[in-house]
Amino acid sequence: MFDQVTRTNEQNIAVIEINNPPVNALGYAVRKGILDCLKVAEADDAVTAIVIIGSGRTFPAGADITEFGTVMKEPHLPEVIDHIESCSKPVVAALHGTALGGGFEIALGSHYRIADANARVGLPEVHLGLLPGAGGTQRLPRLCGAAFALDVMLKGTPISAKAAKDAGLIDRITKGDLRRAAITFANEVRTVRKTCDETSQLKDHAAYRADLAAAHKMITTRMKGQIAPLKIIACVEAILEKPFHEGRQLERQCFMDCMASDQSKGMIHAFFAERSSAKVPEASRAEPRILETLGVVGGGTMGAGITVAALNGGLPVTMIERDTESIARGRGNVEKVYDRLVAKGRMTTNEKNTLMTLYTGSTNYNDLSNVDMVIEAVFERLDVKRAVFEKLDKVIKPGAVLASNTSYLNIDSISSATKRPDQVIGLHFFSPANIMKLLEIVVPEQAADDVVATGFSLAKRLRKVPVRAGNATGFIGNRILGKYGVCAAHMMEDGATPYEIDNALLDFGYPMGIHAMYDLAGLDIGWDNRKAAAPTRDPDTRYVTIADRICENGWFGQKTGRGFYIYKDGARRGSHDPEVLSIIADIRSKKGITPKSFSATEIMERYLAAMVNEGCEVLREGVALKPSDIDVTFVYGYGFPRYRGGPMKYADMYGVQKMLTNIQKYEKEDPVFWKPSQLLVDMVAQGKEFEDLNKG
Ligand code: 3HC
Ligand code: NAI
């Protein structure tokens, strides 16, 4: 018998309790423990019914993901659940916390389900590139119909106990002592129930098929290229055509296919990478400071977005702007976000008003004297930022944390305007800041550990995914973006159109191409940066003027209706612009370049090689602590398809040796741009891959 599962008889009810912190994942010991306890309870004449419950914070949150990719020992989860379902005594699953994946499948295989009112249930396997593999695809639709089941499995988002009860997935909701309530319930039930009724019991096949068709349509746009959603639909469809046991076989086969795919390897990597990015040395050495109030300086695009993120996280915000007109606009920017949600029916006016009570607008810096942290989001100009920090230094209390949302500037050159540079960090949010998950936490050398730890605690509060970045130009993300952006410009000058490049990116799984992204962000930003960098640019580097020429026409992207694409009548999706192609052709001919054609494969090989090579430099310089932090940065901040794990994980799967060979081939064309990173060269020489560096 294993310690992770215990059985106690409470008079005539056997209580099987799972105790495998932190989330009661269903590893070997738990599976075996449940099965053993079940057999003993079934054979015990004194027992009339059985309760399965989790101890600690949750009912099992799923299979043990760390076992995936290893040879899993029997009993496997489907077998355990089959035993539960075929048990001759009623089995009641008592759910609290997050009953997810295999955990919820245990509940679905049980005869009755009781849940704590705050419990959440769901089948999130799709986020790991998988499908429910222990009967979930077959039992769930039989209980609640195709539409609801498909929604639960394709979105993968946990639902509340109440929503689950309304859908027929939970029999009873309770508040307070779940164990006691479950024992009472188990005393009331007398019969075993089956969830695996045969297909004939499905009443309306036409409606079921219509739901399948709608789901299919949804995934072809929103989950394009992903394998698991297609397989989920195939398994749900099988319910119409196959008996339960055959549907189960199909589900198992699909599960194993997904498990063997690079997509699931990429997504499982992303799952652990996201959790490990928050584990930084500073946070392990120091406790975060108290963080109950926030100041935000600047109410423009970023200041307003950061404010919304903070208000949503329950943090009161004092926003400072330059003058009365600007603060009115700042408040307006915040309200606009909520008004859109109200218009879409995703928020009530009451909810908006409640959140806005946490907001104070001001033009007086003294109003920040009591806040615990200030985030500056004013114009990207060093003189302006320094002036703001000088003022902040005079008014904020000792112990308050100061942060800048700068995109590129060195934090030291900002913090030196204060007498407390050790209290200053960078907090680089992404636009729109209330939506984008990534938060780069920029750590200058002088920053105190507890100041850094407070940055990470803010991220948690705002439900952001934090990544620690060193204080170097562009940090992790924008630094690497700069490099592959230039690679795209080289390909454009050499013969690829911006539209071919964007299409290759879309096919790879990006939600938008890089040129569409530039148009969205505004081409003037990059233009300003290039002009500022011109005096120090190395004359040996290849410089492509296409974007400059576009900007010279006043075409700054979506906001001017024209950039790399044309946006007719305010359209958000651009169409191809023949004049942009003429500009490119003109530049090529002036440089004497004969355009060559690029396949989508070559475009992606070059693009990713530039990204990974610069990623290696970022690692070599210590700007990122580990490759998986770069993966997290690109998945959560730059649209890199999560199912490919991130650029460094992708490189491992593609083959680091092959990627180095590509770079060395490109180096022959342009030895300045394509200098292979020594880190990559050494790694290949030692037979290592990025995963080895993650472990190291
Ligand atoms: N297996 C192994 N470890 C797990 C795990 C799992 N299923 N779920 C969470 N963990 C680990 C995390 O890695 C983390 O470890 P760490 O402390 O060493 O970093 C720890 O548990 C706590 O997790 P979180 O930091 O994520 O804690 P939260 O409280 O923020 O979230 C949670 C809890 C909602 C349960 C979240 O962890 C989660 O979503 N887990 C994954 C759930 C899931 O995907 N289940 C399906 C698994 S696949 C499956 O069941 C297949 C089946 O159909 C056959
Ligand atoms: P913005 O121009 O929309 O807003 C800047 C705001 O700062 C304006 O409302 C202005 O009135 C205010 N401001 C200027 N000087 C001030 C002062 N002395 N005191 C108080 N308020 C002052 O700019 P945006 O886009 O919000 O950028 C802000 C910062 O965030 C910049 O450093 C930028 O590089 C960075 N950033 C921008 C991103 C983006 O996508 N826009 C993404 C990530 C970071």
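The structure presented is a predicted model; accordingly, all values stated were derived computationally and were not measured.

**Regarding the overall build of the protein chain**
On a plain count of helices and strands, the protein chain comes out with 30 helices and 19 strands. In terms of overall dimensions, the protein chain is globule-like: its C-alpha atoms have a radius of gyration of 28 Å, near the 26 Å expected for 696 residues. If one aligns the C-alpha atoms of the protein chain with their principal axes, the spans along those axes are about 85 × 60 × 55 Å. Out of the 696 residues belonging to the protein chain, those deemed buried represent 54%. Looking at the protein chain alone, contacts between residues at least 24 apart form 73% of all its contacts between residues at least 6 apart. Entry remark: accessible area of the protein chain is about 29700 Å², with carbon and sulfur atoms responsible for 52%. Of the charged side chains in the protein chain, 85 are positive and 85 negative; the average position of the first set lies 2 Å away from that of the second.

**Thoughts on the pattern of salt bridges**
Taken as a whole and assessed by the stated rule, the structure comprises 41 salt bridges. Here D339 ties to K352 by a salt bridge, and the two come within 2.9 Å at their closest N and O atoms. Within this pair, whereas D339 is found in helix α14 (residues 324–343), its partner K352 is found in helix α15 (residues 349–356), the two being separated by 13 residues in sequence. The exposure class of K352 is buried, given its relative accessible area of 9%. A salt bridge links D586 to R549; the shortest N-O distance between them is 3.2 Å. One end of the pair, D586, is in helix α24 (residues 578–591); the other, R549, is in helix α23 (residues 546–552), with 37 residues separating them in the sequence. Overall, D586 belongs to the partly exposed group, its relative accessible area being 25%. Residues participating in the shared-partner salt-bridge network are E10, E17, R179 and R180.

**Remarks on the site of ligand 2**
Ligand 2 sits among 23 residues. The nearest are M302, E321, E380, K385 and S407. E321 places a side-chain nitrogen or oxygen 2.5 Å from an oxygen atom of ligand 2. The separation between a nitrogen atom of ligand 2 and a polar side-chain atom of Y365 is 3.0 Å. Here ligand 2 has 830 Å² of accessible area as a free molecule, and 80% of this is covered by the chains. Of all elements in the fold, only α13 (301–312), α16 (382–395) and β15 (424–429) reach the threshold of two or more residues within the shell around ligand 2. If one sorts the elements of the shell around ligand 2 by residue count, α16 sits on top with three residues. Each residue belonging to the shell around ligand 2 can be placed in one class, and the counts come to ten nonpolar, nine polar and four charged.

**Focus: the domain arrangement of the protein chain**
Parsing the protein chain into structural domains produces domain 1 (5–259), domain 2 (281–473) and domain 3 (478–622 + 625–695). Taking the mean C-alpha position of each, domain 2 and domain 3 sit 30 Å from one another. Counting residues at the interface gives 13 residues for domain 2, matched by ten residues for domain 3. Taken together, both faces of the contact between domain 2 and domain 3 bury some 1100 Å²; the carbon and sulfur share is 63%. Linking domain 2 with domain 3 are zero salt bridges. Across the contact surface, domain 2 and domain 3 share zero residue pairs in polar contact (both at pLDDT 80 or more). Contributions of two or more residues to the side of domain 2 that touches domain 3 are made by β16 (438–443) and β17 (465–470).

**What about the site of ligand 1?**
Near ligand 1, the surroundings consist of 24 residues, among which R57, E105, E125, R275 and K279 are the closest. The separation between an oxygen atom of ligand 1 and a polar main-chain atom of G102 is 2.8 Å. Here an oxygen atom of ligand 1 and a backbone polar atom of G133 are 3.0 Å apart. Protein coverage of the free-state accessible area of ligand 1, which is 990 Å², stands at 72%. Mapped onto the shell around ligand 1, the elements with two or more residues apiece are β5 (98–100), α3 (102–109) and α11 (262–276). For the shell around ligand 1, the leading source of residues is α11, giving three residues. Of the residues belonging to the shell around ligand 1, the class tally is 13 nonpolar, five polar and six charged.

About the cut-offs
Residues numbered from 1 in each chain as written. Chains lettered and ligands numbered in written order. Predicted model: local features only at pLDDT ≥ 70, side-chain atom pairs only at ≥ 80, totals over all residues. Heavy atoms only, no water. Helix = DSSP H or I, 4+ residues; strand = E, 2+ residues; numbered from the N terminus. Rg over C-alpha atoms; globule rule 2.2 N^0.38 Å. Buried < 20%, exposed > 50% of the residue type's maximum accessible area, 1.4 Å probe, protein only. Contact = heavy atoms within 4.5 Å. Areas by Shrake-Rupley, 256 points an atom, 1.4 Å probe, with all protein chains shown as cover. Lys, Arg positive; Asp, Glu negative; His and termini not counted. Charge placed at Lys NZ, Arg CZ, Asp CG, Glu CD. Salt bridge = Lys/Arg side-chain N within 4 Å of Asp/Glu carboxyl O. Near = heavy atom within 4 Å. Polar contact = N/O pair within 3.5 Å; in protein donor to acceptor, adjacent residues only side chain to side chain. Nonpolar A, V, L, I, M, F, W, Y, C, P; charged D, E, K, R; others polar. Domains from an automatic or database assignment. Buried area = accessible area lost by both parts, 1.4 Å probe.

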